[in-house]
Amino acid sequence: MTRGSQRERDRERALARTGGKGKTKDDGLTPEQRRERDAKALQEKAAKKAAQAAAAAASSGGGGKGNNNNTKK
């Protein structure tokens, strides 16, 4: 069996597994709307991570990642 036919067969099997959807990104949004949506999601994710870091720092007494006093100088 040649490699080309194996690739084609694998593509057909993968297409069958996904239900024939293929690689479509059609979510009904323009590129500008998609950028705004993604930016908002990233901001929310960053805010959530910052809140978790602040809560962890407050509960641990400030001994977080940035406070490494055990290194030799």
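All of these numbers come straight from a predicted model, not from anything done at the bench.

Helix and strand counts for the protein stand at 2 helices and 0 strands. Across the 73 residues of the protein, 0% fall into the buried class. Surface exposure of the protein reaches about 7,100 Å², of which carbon and sulfur atoms provide 52%.

Under the counting rule described, the total for this entry stands at 3 salt bridges. Of the charged contacts, one joins Glu-32 and Arg-35 as a salt bridge, the two residues approaching to 3.2 Å between their closest N and O atoms. Within this pair, Glu-32 and its partner Arg-35 are both found in helix α2 (residues 31–60), separated by 3 residues, close to a single helical turn. A residue is classified by how much of its surface remains accessible, and Glu-32, at 42% relative accessible area, is partly exposed. For Arg-35, a relative accessible area of 53% gives the class exposed. Residue Asp-38 is joined to Arg-37 by a salt bridge in which the shortest nitrogen-to-oxygen separation is 3.2 Å. Residue Asp-38 is classed as partly exposed on the basis of its relative accessible area of 36%.

What counts and what doesn't
Residues numbered from 1 in each chain as written. Predicted model: local features only at pLDDT ≥ 70, side-chain atom pairs only at ≥ 80, totals over all residues. Heavy atoms only, no water. Helix = DSSP H or I, 4+ residues; strand = E, 2+ residues; numbered from the N terminus. Buried < 20%, exposed > 50% of the residue type's maximum accessible area, 1.4 Å probe, protein only. Areas by Shrake-Rupley, 256 points an atom, 1.4 Å probe, with all protein chains shown as cover. Salt bridge = Lys/Arg side-chain N within 4 Å of Asp/Glu carboxyl O.

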